[in-house]
Structure formats: structure tokens, C-alpha cells
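Structural overview for review
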Amino acid sequence: MIAWGSTAKISHSACAVITGAGSGIGRSFALELARRNSMVVCSDKSADRAEETAELVKALGGNAFPTVCDVSQREDVEKLAVTAEQKFGASPTLVVNNAGVGAGGHQIGEIGFDEWYWVLGINLLGVVHGCEVFAPRLRPQKRAGIINIASAAAYSAAPLMAAYSASKAAVLSVSETLRSEMIGTGVHVTVVCPTFVKTNVARDGRIAGKPADYAANMIEQRGTDPEVIARKALDANDAGRLYVMPQPDAWLGWRIKRMAPALTTRAMGFAQNVMDPQ
């Protein structure tokens, strides 16, 4: 095995598996990997969306294989691994655990257990399933990578976003733990924590009330193109970097939270009271 931190370019000529590849960041990963001469299994809960992404990859001259996968179901992810091995003729060398949903707009105590289970089942267990299923397949390889998509919500503790923030905070923790476990192997682990990205996560999610309007406006006015997120994440994984805070506000929020965590939490609550006084 090579030492962790090798300069090998994992994303070049990779055999990659992407969840949530039917749109947004996941689709951008597929297209960027195609530009890097990689083969891609494009998995999504929607067969039509997965097929659309695969066709876009093929239009770039790449090799793509669409498949359906509900990441909240362990059996689906296990089947995804088998499908990838069949299509590639070998184990994948890169896994992007991207599939996720947006949720918010209710205080704790009003969220409802159905929404908690829905969000955690996709955002957290989807990543857990991906890591549990694929990590043993990647660990023996000389060079391989896992990229987990979290969010700046993982460390911002924004009001009315408890289920979403909790799911992403757990993804951050799982990624940090996995990275420590992969030290001494050829597997690079990267976790990505963006703020607003131009995707359909707000439209397709369960965000209610004023937070829904705020998210939609921020995505439209300040959202980063998902292509930027994918490119930065792949470059970071190639370089063996764990953390990717891909926008200035994501990076600033990360630094402030680490330096003054209690103050950050109080400031978030104060800002919410100013914007929406009770």
C-alpha cells in the first residue's frame, strides 16, 4: 500500500460511483469526471434523471452507466456496489456519496418524527451505507477516494434547520473518523461543506415558510455553480485534503465556529429573532 497523502490523481481514469447523480452537484461530478477520462456509474432514485446524466457524459465522449438507487435502503447500495463491479470489471476507485435532501422551517418539537426519519434516512444513512459498503472495497487498493457531501449547515447550527443540520454534522463526523481510519492506506477521504449552490435541493426538499423563500433567494442570487463544487472537491481528494469549504462564506463560517463556538450559536439565534421576531 502507498502512504495516505499520495499525490496520485485519483480522479483521472477513475472508476467512479456517484449517488444523487441525476442533477445538481452529483451531475456535475459525473461531467467533470468524464472530462478527466473516468468511467462513471450514475446512480439516482430517478431512473430518468440518471439516464439524462449518463447521456450527457456520453456526449462528452465518456463512459457512463445509469442505475437506480435509493441510498436510504442498504440493500439498494449493496446492489449498487455489485452493479459497479460488473460494469467496471473491477472494484470502483472513487465513491461520491452525494445524494441528499433539504428540509427546514420548523422548530424542534414541531418538526415531526416522519421528517426526522426522512432526512436522516437519506442524508446520514445514505452516506453511512455508502461508506460501509464501499470502504472495504477501496481499502486494499493502491489509490482510491471517498468524497462525502455535507454542508456548511454541519457547523452553523442555524435555527429551524435541526434535522438537516444534524444529518450534515453527522456526515462531517463520519468523514473525519473514516479519514483517521484510512491513514496508512491509499484511500483519500474528503468532506465537502458548501453554503448555497445552484441546485434543486430547495425546490425538491421540504423547506417551509420564510426559510424556503430565503433559501430560494440565496440560491438564485448568491448560489455557486455546482461545477465549481465538483471541481474543487475532486482536486482536494486528489491532493489528499480532508476538508473542502468551497466558498468564502463557508470557509469564514468554519473558522469563526472553531474559534468562538458559543458566540456563533448565540449570533445565529439573535439573527433569527431579528429577521422573524415572535
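Values in this document were obtained by computation on a predicted structure and should not be read as measured data. (Residues numbered from 1 in each chain as written. Predicted model: local features only at pLDDT ≥ 70, side-chain atom pairs only at ≥ 80, totals over all residues. Heavy atoms only, no water.)

A word on the pairing of strand 4 (residues 94-97)
Burial along strand 4 is two-sided: the face carrying Leu94 and Val96 and the face carrying Val95 and Asn97 are both buried. Judged from the 3 bridges that link them, strand 1 (residues 15-18) and strand 4 form a sheet pairing that is parallel. Looking at the pairing, Ile18 lines up with Val96 of strand 4. Of the strand pairs in this sheet, strand 4 and strand 6 (residues 144-149) are connected by 4 bridges, and their pairing is parallel. Within strand 6, the position partnered with Val96 by the bridge is Ile147. (Buried < 20%, exposed > 50% of the residue type's maximum accessible area, 1.4 Å probe, protein only. Helix = DSSP H or I, 4+ residues; strand = E, 2+ residues; numbered from the N terminus. Pairing = 2+ DSSP bridges.)

Details of the nonpolar core
Counting residues in each nonpolar core, the largest one holds 38 residues, and the members touching the most others are Val17, Phe134, Tyr155, Leu178 and Cys193. The set of elements that each furnish at least two residues to this core consists of strand 1, helix 3 (74-88), helix 4 (113-138), strand 6, helix 5 (153-156), helix 6 (162-181), strand 7 (187-192) and helix 10 (248-259). In terms of residues, this core owes the most to one element, helix 4, which gives 7 residues. Not counting the four nearest positions on each side in its chain, Phe134 is found in contact with Val17, Val77, Leu80, Ala81, Pro92 and Val95. Grouped together as the second largest cluster of nonpolar side chains are 28 residues, Ile25, Ala34, Ala233 and Val244 included. (Core = buried A, V, L, I, M, F, W, Y, C linked by side-chain atoms within 4.5 Å. Contact = heavy atoms within 4.5 Å.)

A short note on the confidence of the model for the protein chain
Looking at the protein chain as a whole, the pLDDT averages 90, with 87% of positions reaching at least 70. When the criterion is pLDDT under 50, residues 1-6 qualifies, and its contacts beyond four places in sequence or with other chains add up to 22 contacts. (pLDDT = per-residue confidence, 0-100.)

Digging into the pattern of salt bridges
In total, this model carries 11 salt bridges according to the counting rule given. Taking the shortest distance from any N to any O, the salt bridge between Glu52 and Arg27 comes out at 3.3 Å. On the criterion of sequence distance, the pair formed by Glu52 in helix 2 (residues 47-59) and Arg27 in helix 1 (residues 24-35) is long-range, its members being 25 residues apart. Assessed through its relative accessible area of 45%, Glu52 is described here as partly exposed. Residue classification places Arg27 among the buried residues on the basis of a relative accessible area of 18%. Shared partners join several salt bridges into a network, and the residues in it are Glu32, Arg35, Arg36, Asp235 and Asp238. (Salt bridge = Lys/Arg side-chain N within 4 Å of Asp/Glu carboxyl O.)

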